[in-house]
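Below are the chains, spelled out letter by letter.
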Amino acid sequence: LKKYGLFVINEIDPKRNKPHHKHCRWYANKKKIPPIISKQYKNNYVAKDIFKLNEIAKYPNETKHIVIYKSKEAAIISILNWGIRCQWFKNKKDALANAKYFIDDYEQYLNFWKKLKKTNPDYIQLINYEKLCKKTSVIKASLNKLGLKTKNISENLIFNEVPHSSASRIKYISPSDIKLGKNN
């Protein structure tokens, strides 16, 4: 987004329970926040539309949102591996025992944003991370749908790794460890 000349409003990394954090759990059922991370992520924020979310987060009212999400399987594997590295879990067995909580959390999180996009399509675009990695032009198309003016840049964006997720990190959990339904 920065390459396109856009200001990334949640680039800062506040506490994870603050409305400015990119992983803020905005969904209403706060019991779905996994117990192992509830101290870090628990909050009382509920927004029924994007304007209320912007108000609570103290963003300008007309703020547009790009939500980049991974497939369910990739997201669960990623967060369980992260949880082992940052010691939310003692080991792989402990992480897998907590997987259901994170599956519920993922579904609540993504469903919240899907619902907001449906009611406020001019303010929200959802982008699948795996599709973005294969065809980076989807970001430009999403920005255009939001009516954002951007700089012209090469569509050859490369994502080898993101901050806090080194490409050389140890992967404790693999796809064969996770049992998801066919709708992942």
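> With reference to specific residues and values, describe the pairing of strand β2 (residues 124-128).
The element β2 is extensively covered by neighbouring structure, given that five of its five residues are classed as buried. Neither face of β2 is open: one carries Ile-124, Leu-126 and Asn-128, the other Gln-125 and Ile-127, and all of them are buried. In the sheet, strand β1 (residues 65-69) pairs with β2 via five bridges, with the strands oriented parallel. What sits directly across from Val-67, in β2, is Leu-126.

> I'd like a description of the environment of Gln-108, backed by residues and values.
Looking at where Gln-108 falls in the secondary structure, it is placed in helix α5 (residues 99-119). Separated by 17 residues in the primary sequence, Gln-108 and Asn-91 place their C-alpha atoms 25 Å from one another. Once you skip the residues sitting within four places of it in the chain, Gln-108 turns out to touch Tyr-27, Asn-29 and Lys-32.

> Explain helix α2 (residues 50-57) to me, using residue names and the numbers behind them.
All of the buried residues along α2 are Ile-50, Leu-53, Asn-54 and Ala-57. Buried residues of α2, viewed axially, fall in a sector of 100 degrees; they line one side. In the stretch just after α2, Lys-58 is the one whose phi turns positive, near 60 degrees.

> Which residues make up the packing of aromatic side chains, and what values do they have?
The full count for this structure, using the stated rule, is six aromatic pairs. Aromatic side chains Trp-88 and Phe-89 sit 6.4 Å apart centroid to centroid with 90 degrees between the ring planes, which places their arrangement in the edge-to-face category. Summarising the burial analysis for this pair, Trp-88 and Phe-89 share the class buried. Residues Phe-89 and Phe-102 carry aromatic rings whose centres are separated by 5.9 Å and whose planes lie at 80 degrees to one another, so their mutual orientation is edge-to-face. Of this pair, Phe-89 sits in the loop between α3 (72-85) and α4 (92-97) while Phe-102 sits in helix α5; the two residues are 13 residues apart in sequence, bridging distant segments of the chain. Ring pairing ties together the aromatic residues Trp-88, Phe-89 and Phe-102, which thus form one cluster. It is Lys-64 that lies over the ring of Tyr-123; its NZ or CZ is 5.0 Å from the centre. Over the ring of Tyr-129 we find Lys-70; its NZ or CZ atom is 5.6 Å from the centre of that ring.

Basis of the calculations
Residues numbered from 1 in each chain as written. Predicted model: local features only at pLDDT ≥ 70, side-chain atom pairs only at ≥ 80, totals over all residues. Heavy atoms only, no water. Buried < 20%, exposed > 50% of the residue type's maximum accessible area, 1.4 Å probe, protein only. Helix = DSSP H or I, 4+ residues; strand = E, 2+ residues; numbered from the N terminus. Pairing = 2+ DSSP bridges. Contact = heavy atoms within 4.5 Å. Arc of directions from axis to C-beta. Phe/Tyr/Trp six-rings, centres within 6.5 Å; stacked < 30°, edge-to-face > 60°. Lys NZ or Arg CZ within 6 Å of the ring centre and 35° of its normal.

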